[in-house]
Amino acid sequence: MSENLHTEMYIRDSVSENAVQAAGDLPTERARNGQPTLTFKGVRLHSSVNPLSEANDLMEEFRGALDGVLDAHDRQTVVCVLAGPGLGYLLNSLFRYAAECGSDARLQIVCCETEPEIARKALQLQCWGECSLPVRWVVGRQNAEALKLAVGDAPHIVFTGTAAYRQNREDYESILGRITGIGAAERPLRILVPTPLYGGSFPMAKHCADAFRELGHQVEEMDLSPYYPLFRYTEETTSDVRHTRVLQNLLTTFLAEMIAARALDWRADLVWAVAQTPLTPAALQEMRHEGIHSALWFVEDYRLFNYWRELAPHYDAVFTIQRGEFHDALKAIGVKNVRYMPCAANPKVHKPLALTPEETKRFGSDVSFVGAGYLNRQQLFAQLPFPDFKIWGNDWPESSPVASRLQENGRRVTTEETAQIYGASKINLNLHSSSFHNGINPDGDFVNPRTFEIAACGAFQLVDDRAELCELFEPGRELTVFHNENEIPDLAKYYLEHEDERKETAELARKRVLEQHTYLHRMRDAVTFCELRFRRLAERKRGPNYVSSLKRAAGDDAELVEFLSAFPEDEEITLDQIVSRIKLGNGRLTRPEGLFLLMKEFRDWGREKGVIQ
Amino acid sequence: MMPLHIVVVNFTRMGDLVQSGPLLRSLKRDRECRLTLIVYKLFRDVAERLPMVDSVIGFDVDRLVPRLDHNRGDLTAAYDQLTEFLRDARLTQIDELHNLSHTPQSATLCALMNPRRLYGMGRLPDGQLTVNGEWFNYLLSIMQDRTFNPFNLVEIYARFNPHGGPFGPLELTVTEKDHRRAEELLRAAGVDSRCPFVVLQPGASCASRMWPKERFAELAARLAQRGVRSVVVGSVAEKHLAENIATLSNGSAVSLAGQTDVGDLAAILKTALKLISNDTGTIHITAAVGTPAIGIYLGPAAAKDTAPFGDGHIIIEPDLKCAPCPYKSECQTFICHHTVSVDHVFELAVADRHEQKIVAARCRGVRVLRTKVSASGRLDLELLNAPATGPNNLHLSFFSRFWDTLLNEGGTLGDSIGGFRHDIPAEWNNAVSRLSAVFSRAVESMSRFSNDVANGASEARISNSLRKQVEWQNDLHSFINEYPGLSSFPRYLLVRLSTARTSDVAVYMADLRDTLNYFHHGLSLLTCSEDFQKAGIPADAAIA
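Please read all numbers here as calculations on a predicted model, not as lab measurements.

Novice: Hey, could you run me through the overall build of chain B in this one?
Specialist: Counting its regular elements, chain B contains 23 helices and 14 strands. Buried positions account for 58% of the 544 residues belonging to chain B. Of all intrachain contacts in chain B linking residues separated by at least 6 positions in sequence, the fraction that spans at least 24 positions is 65%. Just so you have it, chain B exposes about 22,400 Å², and 50% of that area is on carbon and sulfur atoms.

Novice: I tried to follow the packing of aromatic side chains on my own but got confused; where do I start?
Specialist: Where two aromatic rings form a pair, the distance of their centres and the angle of their planes describe that pair. Scanning all chains against the criterion turns up 53 aromatic pairs over all chains. Between Phe563 of chain A and Phe567 of chain A, the aromatic rings sit 6.0 Å apart at their centres with planes inclined by 65°, giving edge-to-face as the arrangement. Take Phe563 of chain A and Phe567 of chain A: they sit in the same class, and that class is buried. Summarising the aromatic geometry, the rings of Tyr492 of chain B and Tyr518 of chain B are spaced 6.1 Å apart at their centres and angled 70° between planes, so their arrangement reads as edge-to-face. With Tyr492 of chain B in helix 21 (residues 488-498) and Tyr518 of chain B in helix 22 (residues 505-527), the pair connects residues that are 26 residues apart, well separated along the chain.

Novice: Explain the sheet that holds strand 1 (residues 4-9) of chain B to me, please; I cannot follow it from the model alone.
Specialist: Sheets are built from strands paired through backbone hydrogen bonds, the pairs being either parallel or antiparallel. Residue and element names in this part refer to chain B. Ordered by their spatial adjacency, six strands build an open sheet running 3-2-1-4-5-6, and the pairing between neighbours is mixed. With partners counted over all chains shown, the strands left at the sheet margins are strand 3 (55-59) and strand 6 (129-132), one partner each. When strand polarity is set aside, the average angle formed by the axes of neighbouring strands in this sheet is 25°. Looking at chain direction, strand 5 (residues 117-123) and strand 6 are connected through four bridges and run antiparallel. The residue of strand 6 that forms the bridge with Gly120 is Asn132. Lying on the sheet, helix 2 (residues 21-28) is in contact with strand 1, strand 2 (33-40) and strand 4 (96-99); it crosses strand 2 at an angle near 155°.

Novice: What exactly am I supposed to notice about the interface of chain A and chain B here?
Specialist: By a widely used convention, the size of an interface equals the accessible area lost when the partners come together. With 44 residues of chain A at the contact, the number on the chain B side is 36 residues. Buried area between chain A and chain B, summed over both chains or domains, comes out near 3,600 Å², and the portion from carbon and sulfur atoms is 60%. For chain A, the biggest contributors to the area lost against chain B are Arg267, Met599 and Phe602 of chain A; these three give 19% of the whole. For the interface between chain A and chain B, the tally reads two salt bridges. In this structure, Glu290 of chain A engages Arg63 of chain B in a salt bridge whose closest nitrogen and oxygen atoms are separated by 3.6 Å.

Novice: How should I be thinking about the nonpolar core in this particular structure?
Specialist: A general feature of soluble globular proteins is that nonpolar side chains tend to end up buried together. Judged by nonpolar contacts, the single largest core of 155 residues is most densely connected at Phe596 of chain A together with Leu37, Ile38, Phe59, Trp403, Phe489 and Phe519 of chain B. Excluding residues within four positions of it along the chain, Ile38 of chain B makes contact with Val7, Val8, Val9, Asn10, Phe11, Ile57, Phe59, Phe85, Leu91 and Met113 of chain B.

Novice: What is the right way to read the packing of helix 9 (residues 201-214) of chain A against helix 22 (residues 519-533) of chain A from this model?
Specialist: The description of two helices packed together rests on the angle between their axes and the distance between the axes. Residue and element names in this part refer to chain A. Running from amino to carboxyl end, helix 9 crosses helix 22 at an angle of 70°, the nearest separation of the two axes being 8 Å. Considering their axes alone, helix 9 and helix 22 lie roughly perpendicular with respect to each other. In contact with Met204, His207, Cys208, Ala211, Phe212 and Glu214 of helix 9, helix 22 contributes Tyr519, Leu520, Met523 and Val527.

Novice: Would you mind showing me how to read helix 11 (residues 241-266) of chain A here?
Specialist: Residue pairs three or four apart in sequence face the same way in an α-helix, which turns once every 3.6 residues. All names here are of chain A. An ideal rise of 1.5 Å per residue puts 38 Å on 26 residues; helix 11 measures up with 37 Å between its terminal C-alpha atoms. For helix 11, every residue scored as buried is listed here: Thr244, Gln248, Leu251, Leu255, Ala256, Ile259, Ala260, Ala263 and Trp266. Residues of helix 11 that are buried in the fold lie against strand 9 (190-194), strand 10 (218-222), helix 10 (228-237), strand 11 (270-274) and helix 12 (281-289). For helix 11, the N-terminal capping position is held by Asp240, with its side-chain oxygen 2.8 Å away from the main-chain nitrogen of Arg242. One or two positions beyond helix 11, positive phi appears at Arg267, with a value near 55°.

Novice: I'm lost on the pattern of salt bridges in this one. Help?
Specialist: Opposite charge on two side chains permits pairing when their charged atoms draw close. One pass over the structure, following the stated rule, counts 65 salt bridges over all chains. Here Asp171 of chain A and Arg141 of chain A are joined by a salt bridge, their closest N and O atoms 2.9 Å apart. With Asp171 of chain A in helix 8 (residues 169-180) and Arg141 of chain A in the loop between strand 7 (135-139) and helix 6 (144-151), the pair connects residues that are 30 residues apart, well separated along the chain. Owing to a relative accessible area of 22%, Asp171 of chain A belongs among the partly exposed residues under this scheme. Notably, a salt bridge pairs Glu134 of chain B with Arg496 of chain B, separated by 2.8 Å at the nearest N-O pair. Here Glu134 of chain B is found in helix 7 (residues 134-144), whereas its partner Arg496 of chain B is found in helix 21, with 362 residues between them in sequence. Residue classification places Glu134 of chain B among the buried positions, given a relative accessible area of 15%. The exposure class of Arg496 of chain B is buried, given its relative accessible area of 9%. Shared partners join several salt bridges into a network, and the residues in it are Lys206, Asp210, Arg213, Glu221 and Asp223 of chain A.

Novice: Would you take a moment to explain the pairing of strand 17 (residues 425-430) of chain A for this structure?
Specialist: All names here are of chain A. In terms of burial, strand 17 is largely enclosed, as five of its six residues are buried. Both strand 15 (residues 365-370) and strand 17 contribute to a ladder of three bridges, which runs parallel. Each bridged residue has a counterpart across the sheet, and for Ser368 the counterpart in strand 17 is Asn428. Note that strand 17 and strand 18 (residues 461-464) share three bridges and pair parallel.

Novice: Help me understand the environment of Glu134 of chain B in this model?
Specialist: The spacing of Glu134 of chain B and Leu407 of chain B is 273 residues in sequence and 6.1 Å in space, taken between C-alpha atoms. Within the structure, the side chain of Glu134 of chain B is placed 2.8 Å from the side chain of Arg496 of chain B, a separation counted as a polar contact.

Novice: Please clarify how the packing of helix 12 (residues 262-271) of chain B against helix 13 (residues 281-288) of chain B should be interpreted in this entry.
Specialist: All names here are of chain B. Close contact between helix 12 and helix 13 brings their axes to 9 Å; oriented N to C, the two are set at 60°. As far as their axial angle goes, helix 13 and helix 12 are oblique. Where helix 12 crosses over helix 13, the two elements pack in a sense that is right-handed. Residues Val262, Leu265, Ala266 and Leu269 of helix 12 form the contact with helix 13, whose own contacting residues are Thr282, Ile285 and Thr286. Among the residues making up the contact of helix 12 with helix 13, the classes are represented as five nonpolar, two polar and no charged.

About the cut-offs
Position numbers for residues count from 1 along each chain, tracking the sequence in the order it is written. As they are written, the chains are lettered A onward and the ligands numbered 1 onward, keeping that order. In keeping with the model being predicted, local features are shown solely for residues with a pLDDT of at least 70 and side-chain atom pairs are shown and tallied solely at 80 or more, while totals for entire chains, interfaces and linings include all residues. Side-chain calculation: all heavy atoms of the structure are included, whereas hydrogens and water are not. Numbering of helices and strands starts at the N terminus; helices are DSSP runs of H or I of at least 4 residues and strands are runs of E of at least 2. For every residue, the accessible area (1.4 Å probe, protein chains only) is compared with the maximum for its type, and the residue is labelled buried under 20%, exposed over 50%, or partly exposed between those bounds. The contact criterion used is simple: two residues touch if any of their non-hydrogen atoms lie within 4.5 Å. The Shrake-Rupley method, run with a 1.4 Å probe sphere, supplies the accessible areas, and residue values consider only the shown protein chains as cover. A pair of aromatic rings is counted whenever rings of Phe, Tyr or Trp (Trp by its six-membered ring) have centres within 6.5 Å, and the orientation is called stacked for planes under 30 degrees apart, edge-to-face for over 60 and tilted otherwise. When DSSP locates at least two bridges between a pair of strands, those strands are taken to pair. Axes here mean lines fitted to C-alpha atoms, for a helix over just the part in contact, with angles spanning 0 to 180 degrees between N-to-C directions. Once two parts are brought into contact, the accessible area they lose, counted with a 1.4 Å probe and summed over both, makes up the buried area. Any Lys or Arg side-chain nitrogen found within 4 Å of a carboxyl oxygen on Asp or Glu counts as a salt bridge. Definition used in this section: a nonpolar core is a set of buried Ala, Val, Leu, Ile, Met, Phe, Trp, Tyr and Cys residues joined via side-chain atoms within 4.5 Å. The cut-offs work like this: below 35 degrees is roughly parallel, past 145 is roughly antiparallel, 65 to 115 is roughly perpendicular, and the gaps in between are oblique. A helix is expected to span 1.5 Å for every residue after the first. Pairing of N or O atoms within 3.5 Å defines a polar contact, subject to two protein rules: one partner must be a possible hydrogen donor and the other a possible acceptor, and residues neighboring in sequence count only if both atoms are side-chain atoms. Two helices cross in a left-handed way if the nearer one is turned anticlockwise from the farther one by less than a right angle. They cross in a right-handed way if the turn is clockwise. Following the grouping adopted for this structure description, the nonpolar residues are Ala, Val, Leu, Ile, Met, Phe, Trp, Tyr, Cys and Pro, the charged ones are Asp, Glu, Lys and Arg, and the polar ones are all others, Gly among them.

What follows is the structure, given as structure tokens:
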């Protein structure tokens, strides 16, 4: 045994032991703050700036869920399974959490790492310092048995969301499936996606629906855009803002009830809302009462749009494109399940396109911008000295200083045309919008969808620096970033003259998006997050008609558990199969038998009435 | 001493719940007890207005059943829901549980509540279905064919009380709040509650029971000429129908369909002059609040079964051979709808009680009946006119006494049912002879079976004896088809036999023997020749 690895402290099974001992050594890298970090197969596993801070942020996302599990299992040991711990920075965060809330005596940690080399490095460096909680490492892709033994029958919670987890998601889902039901085959979730009425988030909702479908879930979209003209009509009906507000609230209430009615009728497992999807607290509560979970992807700037204050607490989970203070604020108003989830691209739509010469001439330029005419863009673009600079999109005032650059009368551009423009343009300017700043917003944090979309189209962009950008792309390599408007002309000149570098950067950005930043990645993350937090959702995915789900529901009903023991654990069973085992007139009818018999009788009655199948 | 805890399960609709009131009242008579009523959640409001009920539990069947769907179901949630339901503190330590429903699911649910005594359909500890109470068996037997049932549903329910005793009228609580709200609804609809108005109920559970809406509209218009407004009620689903009638009546009628809950409806009915309705639950609410009703009973609706329980209600039935029709009739002509004219209903609606007979006598093409509760608690139907067709009241009267004698405790072999003086056709004598022959065969089979068991016969021989039991039961089935006029009795026997316990040969034999005793008793009542001959059972069973 290598004395540097301390495996005797952390490893209890021979498979993990052998894997770690046989693993190769990975080179240690350093983040900007000097803390160790690691790159594995081209993927950086921790923040290049501050890995410990990143871990603390991740901890904050899980805190609410962990609080809930600890409360629900008072006085019992709870196991935290860290899936893809990497170098183990999350351990520090957990130690601190346990000390703060006094749950030291009840928490145990199991680090589940599928890559032996990563585990070896982690054990070598021990970035977590001294352990204040019992920690065990289970290593290897096939080591499900050891994981199951390590978790045992204790209530548990699984932490995901690390880069290492995302990198090997399928392996983790497979191994975790033995204890959580995730990844077990397979009854798809029924996900209802009601869209916003208009705006940039409308296509985002559609991309989400596509991604859910690709993941194998049953999806129903409710396209509410036909109601947008009615929404606008309320503004035309009266000049009294109060009346307009009343009318619009009535419309929102009506649409929310429609969504709830559809969710109930279609028996959705999850309702996925994006930005201003018209849902109300009443409708969300009604759905929750019927066991339907809801999630909101808040893809707006929380400082500018504050409707989240009223609505977010009524969602079961809230995903955000900003974190830090926003997450603090959400938790302060009672949102327990919060997760940072940046924007993305849909490679089926945002992709390199072959253009005809006419299209290249029409859509192409040295420099272009596609988007709405926010104040900062009008101001900054007016200063740019590009002779061949095309601006596309609507909502540009006629009086704007850049009106002359506006193409095709400032009409709304379709998604496909946008992809054509990106591809045809040598440089795509990507300036994040602001109604309050001249030029660049120095406090800008989130990264807009355009960044991912341009990249997915294989096109080159110059993008303004944002706080979250370096976590999503590698500036200078995958993206070219400007920090103030003065940098733009020189950068543009350089890249106009260096086509190869332009193409190489664009290609790297596209690769990064396809590997990590598609809607598929996001929605998979979202579903996993929800499944880990909502037992019923996980059981639905696995199937509430799975023996194991029924056993879990049985709780301490020993009679039911014993009754179900006659059936194979990981199989789906039907009511008829269960009832076929009940022999009337042959010994005492047990309570579980009576209940299943009752269910079958009501089922038969319902079929007779034509209410169910 | 703790009061008795009585639980009643009744998974039925609004009208039947109201009709169960007298039974519930009688269950509590002369006993210190607490009565809990379990109903479908949808009808909780009605149940809570039964004044004799101390507590109501709503069973959310609308939530449960979708969870049992093959494709979209959630067995875990369904199991959780049922477990949660059974955890209700009011479902513990039940002294008596009366299951008024006649379904396997109600039987299983009742069994899971583990009462000390269970009446009605339930399950034995080994899970087999069982029925405790002969009147429950009777109810099960008439579910297949009510044609020869002589009892009103209220009377049948009342007979479920194992302790017997008299039973009273229908009851329903109407509060001050209900009256205030009713007042508001009427005012908003432009109806002055101080002026006379009637309530119209044009909806029904199926099209065959519905008097045409145009006729309701015309009736409303004619009543308006007499200064009587019409208020049309109904569920949300009937709103369109009600508004249609209001429009067709040129404003003589106003619609409150979909706007009333049970309390509002009851208060409106209490204030109204009368209700004019198809055979619906509303007619029983009307009887419960003491307002006279005129029932238009079409399709399979039969006054003898479901007339409102009380004095002075009028029922109009078509004077047709085919009326009432069997439940699963596939009639598409609905000829019975046209026999009841607006004149009939209008004249009867505006007639005072002492005029009703005179008015009824003029009504051609219909049967006009008036209800009266006798001193013994029976609901009699007084025929006010002379139609060409109609139930054979003697027949029904005979069988009401037949069943009371056979099924009530205290009836003994040799009891006679007298008082009839009609000739009996030869074929009915043949029927009774045939039934007697089946009985003889049954007794012979039973005797052989007993001997085989007592002598330790081989399994093959005992199997053979068991098959013989099935043979005479098949004979009963054949008899039912050939002699429908006498079918109720063999149906009852077959229902008893269907719940014979089969877990053990000795137990099965005991159940068989018990049924044969009833067979014997019933036959003796039928073949006390003088009495039976005088019953006047008609030759043509279709007329009834």
